[in-house]
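Coordinates in review
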Amino acid sequence: MTQPINVVQLEGTLHFLKGEQVGENRCGRYFRFSVRHESKDYRGNERHDYILARAYDPELQDRLRQCGEGDRILLEGSVRSSVGSGEMYVLAEKLELS
């Protein structure tokens, strides 16, 4: 029996983080990036949210390396928290260029 997890679907533009993009922990090596998501806040003002994500799947990592900064993407995954720092991120499970 599986437990329900927080599944998310994000559409936005690919943003490569400055500094180290590759990390490693007990789950393996991952590629770190973010999705820039445009939205409006409750007052109607433009928001630019940068949502952190990690890709552990080597095929997803290769696809991300072939993409460029600002490419439109659709990302599906689940919300996770880093064991060490508690940093929230989206665990990338599916990626489509839009």
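The rules behind each value
Residues numbered from 1 in each chain as written. Predicted model: local features only at pLDDT ≥ 70, side-chain atom pairs only at ≥ 80, totals over all residues. Heavy atoms only, no water. Salt bridge = Lys/Arg side-chain N within 4 Å of Asp/Glu carboxyl O. Buried < 20%, exposed > 50% of the residue type's maximum accessible area, 1.4 Å probe, protein only. Helix = DSSP H or I, 4+ residues; strand = E, 2+ residues; numbered from the N terminus. Arc of directions from axis to C-beta. Contact = heavy atoms within 4.5 Å. Polar contact = N/O pair within 3.5 Å; in protein donor to acceptor, adjacent residues only side chain to side chain. Pairing = 2+ DSSP bridges. Core = buried A, V, L, I, M, F, W, Y, C linked by side-chain atoms within 4.5 Å. Phe/Tyr/Trp six-rings, centres within 6.5 Å; stacked < 30°, edge-to-face > 60°. Lys NZ or Arg CZ within 6 Å of the ring centre and 35° of its normal.

**A short note on the pattern of salt bridges**
Within the structure shown, the criterion is met by 8 salt bridges. Residues Arg-47 and Asp-49 are paired through a salt bridge, measuring 2.5 Å at the closest nitrogen-oxygen approach.

**Re helix α1 (residues 58-66)**
Since the α-helix advances by 3.6 residues per turn, residues separated by three or four positions end up pointing in the same direction. Inspection of α1 places Leu-60, Gln-61 and Leu-64 among the buried residues, and these make up the whole buried set. Each buried residue of α1 sits inside an arc of 100 degrees when the element is viewed along its axis, so together they form one side. In α1, the exposed residues that point more than 90 degrees away from the buried face are Pro-58, Glu-59 and Gln-66. Taken together, the buried residues of α1 touch β1 (7-15), β3 (28-40), β4 (46-55) and β6 (88-97). N-capping of α1 is provided by Asp-57, with a side-chain oxygen placed 2.9 Å from the backbone N of Glu-59.

**Here we look at the pairing of β6**
The sheet contact formed by β4 and β6 spans 2 bridges and is parallel. Across the sheet, Arg-54 pairs through a bridge with Leu-91, a residue of β6. By the bridge criterion, 9 bridges tie strand β5 (residues 72-81) to β6 in an arrangement that is antiparallel. Within the sheet, the bridge partner assigned to Ser-81 lies in β6 and is Met-88. Taken together, β5 and the strand that follows it, β6, pair antiparallel across an intervening segment of 6 residues, in which Gly-86 is found at a positive phi of about 80 degrees.

**What about the nonpolar core?**
When a protein is soluble and globular, its nonpolar side chains tend to lie buried together. Counting residues in each nonpolar core, the largest one holds 16 residues, and the members touching the most others are Leu-14, Phe-33, Leu-64 and Leu-75. For this core, the secondary-structure elements that each account for two or more residues are β1, β3, β4, α1, β5 and β6. Leaving out residues up to four positions away in the same chain, Leu-14 has contacts with Phe-33, Ser-34, Leu-64, Cys-67, Gly-68, Glu-69, Gly-70, Asp-71 and Ile-73.

**Focus on the environment of Glu-38**
Note on placement: Glu-38 falls in strand β3. Relative accessible area serves as the criterion here: at 38%, Glu-38 is assigned to the partly exposed category. As for Glu-38 and Thr-13, which are separated by 25 residues in sequence, their C-alpha atoms are 8.9 Å apart. Here Glu-38 is in contact with Glu-46, Arg-47 and His-48, once residues within four sequence places are set aside. Polar contacts involving the side chain of Glu-38 include one to the side chain of Arg-36, which spans 2.6 Å.

**Let's talk about the packing of aromatic side chains**
One pass over the full model with this rule turns up 3 aromatic pairs. Following the ring pairs from residue to residue traces out a cluster consisting of Phe-16, Phe-31 and Phe-33. In this structure, Arg-54 packs its charged tip against the face of Tyr-89, placed 4.2 Å from the ring centre.

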